[in-house]
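Next come the chains, spelled out residue by residue.
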Amino acid sequence: MHTDSRSAASLRAGAYHIHFTDILFHFLDTYSVCVISHLYTVQTCTATQLRGAQAYGLSYTPSADVLLKQFLGLQYRQPTSTLSTLNTRWQSPLSKILRCRCPSHGHTYSQVPEQATLGNTDYAFEMAISNIRYGEGVTKEIGMDLQNLGARRVCLMTDRNLSQLPPVKAVLNSLAKYGINFQMYDKVRVEPTDQSFLDAIAFAKKGEFDTYVAVGGGSVIDTCKAANLYASSPMSDFLDYVNAPIGKGKPVTVPLKPLIAVPTTAGTGSETTGVAIFDFKELKVKTGIASRAIKPMLGIIDPLHTLSMPERIMANSGFDVLCHALESYTALPYKMRSPCPSNPINRPAYQGSNPISDVWALHALRIVAKYLKRAIRNPEDREARASMHLASAFAGIGFGNAGVHLCHGMSYPISGLVKTYKPKDYNVDHSLVPHGLSVVLTSPAVFAFTAQMCPERHLEAAEILGADIRTARIKDAGFILADTLRKFLFDLNVDDGLAAIGYSKADIPELVKGTLPQERVTKLSPRPQTEEDLCALFEASMKLY
């Protein structure tokens, strides 16, 4: 035991007091056991010691015996036997020790009192994005990235068309240069389904990979996210992580493997988000998985990859960027979203418009207004295509944390119920409505509907897209933005509404039925909607011009 350094004059036999600055607190296993390591025979407690005693929830008395009783709940006999007494009789004071009010143990007493949360709406938002690397030719660095990660078994995912194109070849060259061991899965389906997800998941489970690389558009990156998730959680049922109410919407708590995304389109922003979308064939509707845990570790944005994009793929990808920006900026504010999560792990990725997402959404919208038409009309316009590639990531950061609403919610049945439509420039063996097209066709009707809740934001968006709002009335915000969008789409030769891609008024009930389960996004609309409202929106979208 430590020898007390105070003078003998300050000590008096038979008067025992605890010197609180010499109390050490130890934690044994899961039990909090206070051990007094030094006990001094001091004549009086100083003011500091008195405050120390009070801080521990003990009242000061001149008797060490009483003080020890309060603190330990056992009889104190001799100073020299204190430690042995604790060692042999710790069970007796344990119940009181666990109620100790000292800072080390009395956690309920050391916390700042919580402020009551008003109502059932959220009070916070958070930002979660992937690391982003941008530059012409930067794909060549991916082999070094994998080497730095110590990757031994890499899963490279792409689709059959891309497997023969420069973006994948650039990745393969880098992997070969740095001696990276990999297996390639090139069976990703454009506009993936639950079955195509399951096929990729089976490949990932069998391969026991320690790192993933996705080279492609949103379909490829989303498929790779799902493969990584379920291979990392092999005992989970497929619907466990699928968004409610279609799936169980469980939070992702398992650790995932590193995923590097190399986007080849300028639209989805999937390289920045924790979202993976697919067609659920049984219900003929799109749904997805949304969790910050599945976002890529790194997004490598190489604008050279956009130079090989055909005109209509560039257009439809750009429309996705346009709607990501518009919807996230006009979404329900995060403080109005309910319910407020009881645990932060349950806070959704799509949280509602917020000050940080607003910055990215508006910046992306300005880039779209300046460069999208140029990027579509001239594939050799490197400035325009590079700018749209960045805009895709910017909008992804915005909507990946704020969310989207009705355009996307209504787009899922539009894609899921497709009949015979096959778009130009898409080399596929099945009917499909490209995601960006399915989203943008309802945009004029949607923003005419939502504008009454935040008209200033709708007017601001219209002005960015080229509308003259100097004499505009605030009550006309929705109509002004809708007309601006119609003109924008007409200039870019977009199909004339849902009727042009095979739908009629007779399909509206099924389209509405397919929208209703999309609560994850539709509830972020600034204006609540009924089934009758959705019917009217689909009807208004049958013809645009």
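Residues numbered from 1 in each chain as written. Predicted model: local features only at pLDDT ≥ 70, side-chain atom pairs only at ≥ 80, totals over all residues. Heavy atoms only, no water.

(A) Spatial organisation of the overall build of the chain. Helix and strand content of the chain: 20 helices and 10 strands. For the chain, buried positions account for 55% of its 545 residues. Counted over contacts in the chain with a minimum sequence separation of 6, partners at least 24 positions apart contribute 78%. (Helix = DSSP H or I, 4+ residues; strand = E, 2+ residues; numbered from the N terminus. Buried < 20%, exposed > 50% of the residue type's maximum accessible area, 1.4 Å probe, protein only. Contact = heavy atoms within 4.5 Å.)

(B) Looking closely at the side chain of Thr264. Among the structural elements, Thr264 can be located in the loop between β7 (259–263) and β8 (275–280). Using a relative accessible area of 4% as the deciding quantity, one classes Thr264 as buried. A polar side-chain atom of Thr264 sits 3.4 Å from the main-chain amide nitrogen of Gly217. When near neighbours in sequence (up to four residues on either side) are disregarded, Thr264 contacts Leu162, Pro167, Val215, Gly216, Gly217, His305, Thr306 and Met309. (Polar contact = N/O pair within 3.5 Å; in protein donor to acceptor, adjacent residues only side chain to side chain.)

(C) Region of interest: the packing of helix α15 (residues 443–450) against helix α17 (residues 477–491). Direction vectors running N to C along α15 and α17 enclose 170°, while the axes themselves pass 7 Å from each other. In terms of axis orientation, α15 runs roughly antiparallel to α17. α15 and α17 meet at a crossing whose hand is right-handed. Facing Ser443, Pro444, Phe447 and Ala448 of α15, the residues of α17 in contact are Gly478, Leu481, Ala482, Leu485, Arg486 and Leu489. (Axes fitted to C-alpha atoms, helices over the stretch in contact; angles between N-to-C directions. Parallel < 35°, antiparallel > 145°, perpendicular 65-115°, else oblique. Left-handed = near helix turned anticlockwise from the far one by under 90°.)

(D) Region of interest: the pattern of salt bridges. As enumerated under the stated definition, the model contains 24 salt bridges in all. The shortest N-O distance in the salt bridge between Asp240 and Lys250 comes to 3.9 Å. Within this pair, whereas Asp240 is found in the loop between α9 (218–232) and β7, its partner Lys250 is found in the loop between α9 and β7, the two being separated by 10 residues in sequence. Taking the shortest distance from any N to any O, the salt bridge between Glu311 and Arg312 comes out at 3.2 Å. Under the relative-accessibility criterion, Glu311 is labelled partly exposed at 35%. Where salt bridges share partners, they join Asp122, Glu126, Arg292, Arg337 and Arg347 into one cluster. (Salt bridge = Lys/Arg side-chain N within 4 Å of Asp/Glu carboxyl O.)

(E) Broad picture of the environment of Met388. Structurally, Met388 can be placed in helix α12 (residues 382–402). You can call Met388 buried: its relative accessible area is 0%. Beyond its immediate sequence surroundings of up to four residues, Met388 is in contact with Ala266, Met314, Gly318, Val321, Ile367, Val368, Tyr371, Leu372 and Ala375.

(F) Here's a closer look at the nonpolar core. Judged by nonpolar contacts, the single largest core of 72 residues is most densely connected at Leu322, Leu372, Met388 and Ile501. With near-sequence residues (within four places) excluded, Leu372 lies in contact with Met314, Gly318, Phe319, Ile367, Met388, Phe488 and Leu492. Within the second largest apolar cluster, 25 residues are counted, among which are Val242, Phe278, Val285 and Ile289. (Core = buried A, V, L, I, M, F, W, Y, C linked by side-chain atoms within 4.5 Å.)

(G) Inspection of the packing of aromatic side chains at higher detail. In this structure the tally under the stated criterion is 12 aromatic pairs. One aromatic cluster in this structure is built from Phe197, Tyr230, Phe238, Tyr241, Phe278 and Phe280. Sitting over the ring of Tyr123, Arg347 keeps its end group 5.9 Å from the ring centre. Against the face of Tyr329 rests Arg457, its NZ or CZ located 4.3 Å from the ring centre. (Phe/Tyr/Trp six-rings, centres within 6.5 Å; stacked < 30°, edge-to-face > 60°. Lys NZ or Arg CZ within 6 Å of the ring centre and 35° of its normal.)

(H) Here's a closer look at the pairing of strand β4 (residues 154–157). Where burial is concerned, the two faces of β4 agree: the one with Val154 and Leu156 and the one with Cys155 and Met157 are both buried. When β4 meets strand β5 (residues 182–185), the two strands line up parallel, connected through four bridges. Pairing of Met157 across the sheet is with Tyr185, part of β5. Handedness of the crossover joining β4 and β5 through helix α7 (residues 166–177): right-handed. Direction of pairing for β4 relative to strand β6 (residues 211–216): parallel, over a ladder of four bridges. (Pairing = 2+ DSSP bridges. Right-handed = clockwise from strand over helix to strand, strands pointing away.)

(I) View of the environment of Arg292. If you trace the backbone, Arg292 turns up in the loop between β9 (285–290) and β10 (298–301). Distance in space between the C-alpha atoms of Arg292 and Pro251 is 9.5 Å, their sequence separation being 41 residues. For Arg292, the residues in contact, after removing those within four places along its chain, are Glu126, Ala128, Arg347, Pro348, Ala349 and Gln351. A polar contact is formed between the side chain of Arg292 and the side chain of Glu126, at a distance of 3.5 Å. Separated by 2.9 Å, the side chain of Arg292 and the backbone oxygen of Arg347 make a polar contact.

(J) Main features of helix α6 (residues 142–149). Residues Ile142, Gly143, Asp145 and Leu146 constitute the buried set of α6. An end-on view of α6 places all buried positions within 160° of arc, on one side of the element. If you follow the buried residues of α6, they end up packed against β3 (131–134), β4, α7, β6, β7 and β10. Directly after α6, the chain includes Gly150, whose backbone phi takes a positive value near 75°. (Arc of directions from axis to C-beta.)

(K) Quick look at helix α18 (residues 508–515). Taken as a whole, α18 has its buried residues at Ile508, Leu511, Val512, Gly514 and Thr515. An end-on view of α18 places all buried positions within 160° of arc, on one side of the element. Those residues of α18 that are exposed and aimed more than 90 degrees away from the buried face are Pro509 and Lys513. Packed against the buried residues of α18 are β9, α13 (406–416), α19 (519–522) and α20 (531–540).

Remember, this is a structural readout, not a statement about activity or role.
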